[in-house]
Each structure stands twice: as C-alpha cells, then as structure tokens.
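# Understanding the architecture of this molecule
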Amino acid sequence: MKVAFATDDGIRVNAHFGQSPMFAVYNVNKNGGELVELRRLPVVLNQDEAGKIDSRLEAVNDCTLIFIMQIGASAAARVTRRKMMPVKVPFGSPIEEQVKRLTEMLQGKPPMWLAKVLRAEEEEADGTHG
C-alpha cells in the first residue's frame, strides 16, 4: 500500500496536513517499506484553506494512509471520504520509524483501524464494493 508522510524535510513527520510543503510517499507491505518519491507542493500565494486542502488531497490521492502531525476537522472529513485514513503521530516522529512500526503491524495482527483500511483496499482491488 502507498503511505504518505507530511514533512518539510523528508525525514520526519513534522507538518500539519494543510500546511505540509511536501509528502514523502512510501510503498509499505509486510516485508518492509521503500521511498517512492517526495511530492513537493507548489507554493501558491494567497491560497485559501479549501485550495490548500484540495492541492494536498490531489498530491496524495493514491495513498491509503496519511501520517500527519495535525489535521483540521474539515480536512480529516475530506480525507476519509476519499477512502484515505489520516494517522496522527507525535511531532518530529522519524518516518523510517513509522514505516517500521507499520510493517510490524502488517506482519502481526493489525489493529482494528488498519484491518478496516486493508479490507477496503482489497475490496477496491477485487472490484467488490460494500
């Protein structure tokens, strides 16, 4: 699955979803994770809140999980409507550490929220909704 991390340095989760200058996108499975790309967001002057959220949703629309430091209620609602799951982690959490934790969860018995996300992803792949 593809996972995005809100970051300003590509190393730590240290950004709010709506203000994140870039997302580090990883492919993560039970064998580990690898960086796919750093997706930088263009700087748009005087962009309103909705525009900021839209541009970030667009940047991570192929991701299943989005690790962030913080996310506003309306942005969180829009993320989940797109079948993505926002995951709040402490400020400055190393991305590699989060990838490792996620890999370990996938190897064992994933927590309820992750199992639900994985099920939805499988149904999407099979083309069976509901």
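The structure reproduced in this document is the subject of the present report. (Residues numbered from 1 in each chain as written. Predicted model: local features only at pLDDT ≥ 70, side-chain atom pairs only at ≥ 80, totals over all residues. Heavy atoms only, no water.)

## Some details on the pattern of salt bridges
Counted by the stated rule, this structure contains six salt bridges. The partner of Arg12 in a salt bridge is Asp9, with the nearest N and O atoms 2.8 Å apart. Residue Arg12 is classed as partly exposed on the basis of its relative accessible area, which comes to 37%. Overall, the relative accessible area of 26% leaves Asp9 in the partly exposed class. By sharing partners, the salt bridges in this structure join Lys2, Glu37, Arg39 and Asp62 into a single network. (Salt bridge = Lys/Arg side-chain N within 4 Å of Asp/Glu carboxyl O. Buried < 20%, exposed > 50% of the residue type's maximum accessible area, 1.4 Å probe, protein only.)

## Here we look at the packing of helix α1 (residues 49-59) against helix α2 (residues 73-81)
Their axes nearest at 11 Å, the elements α1 and α2 cross at an angle of 30°. On the basis of their axis angle, the class for α1 and α2 is roughly parallel. Seen from above, α1 lies across α2 with right-handed handedness. Where α1 abuts α2, its residues Ala50, Ile53, Asp54 and Leu57 lie against Ser74, Ala75, Arg78 and Val79. Looking at the contact of α1 with α2, its residues break down into five nonpolar, one polar and two charged. (Axes fitted to C-alpha atoms, helices over the stretch in contact; angles between N-to-C directions. Helix = DSSP H or I, 4+ residues; strand = E, 2+ residues; numbered from the N terminus. Parallel < 35°, antiparallel > 145°, perpendicular 65-115°, else oblique. Left-handed = near helix turned anticlockwise from the far one by under 90°. Contact = heavy atoms within 4.5 Å. Nonpolar A, V, L, I, M, F, W, Y, C, P; charged D, E, K, R; others polar.)

## Examining the layout of surface pockets
By volume, the largest pocket is sized at about 360 Å³. Around the largest pocket, the lining is made up of 14 residues, and of these Thr64, Lys83, Met84, Val117 and Ala120 lie nearest the centre. Residue contributions to the lining of the largest pocket peak at five residues, all from helix α4 (residues 112-126). Per-class residue counts for the lining of the largest pocket are five nonpolar, three polar and six charged. (1 Å grid on protein atoms, 1.4 Å probe; cavity = no way out; pocket = protein on both sides within 12 Å on 5 of 7 lines; lining within 4 Å. Points joined across faces, edges and corners; volume = space filled by probe spheres on them.)

## Quick notes on the sheet that holds strand β5 (residues 65-68)
One open sheet accounts for five strands, arranged β4-β3-β1-β5-β6; its pairing is mixed. In this open sheet, the two strands that pair with only one neighbour each are β4 (32-40) and β6 (85-88). The average angle at which neighbouring strand axes cross in this sheet is 25°, direction not considered. Here six bridges tie strand β1 (residues 2-7) to strand β3 (residues 22-29), and the two strands are oriented antiparallel to one another. Each bridged residue has a counterpart across the sheet, and for Phe5 the counterpart in β3 is Ala24. (Pairing = 2+ DSSP bridges.)

## Things to note about unusual backbone geometry
The backbone of Asn46 shows a phi angle near 55°, a positive value even though the residue is not glycine. On the accessibility criterion, Asn46 (81% relative accessible area) is exposed. One non-glycine residue, Lys83, lies in positive phi territory at about 65°.

## Topic: the environment of Val13
With respect to the helices, strands and loops of the structure, Val13 is situated in strand β2 (residues 12-13). Val13 gets classed as buried once you look at its relative accessible area, which sits at 0%. Note: C-alpha distance between Val13 and Val117 (104 residues apart in sequence) is 21 Å. Setting aside residues no more than four positions away along its own chain, Val13 makes contact with Phe5, Ala6, Phe67, Ile68, Met69, Val89, Pro90, Phe91, Gly92, Ser93 and Ile95.

## Quick look at the packing of helix α3 (residues 95-107) against α4
One can describe the packing of α3 onto α4 by two numbers: an axis separation of 11 Å at closest approach and a directional angle of 75°. As far as their axial angle goes, α4 and α3 are roughly perpendicular. Of α4, the residues touching α3 (which contributes Leu102, Met105 and Leu106) are Trp113, Leu114 and Leu118. Across the contact of α3 with α4, the residue classes break down as six nonpolar, no polar and no charged.

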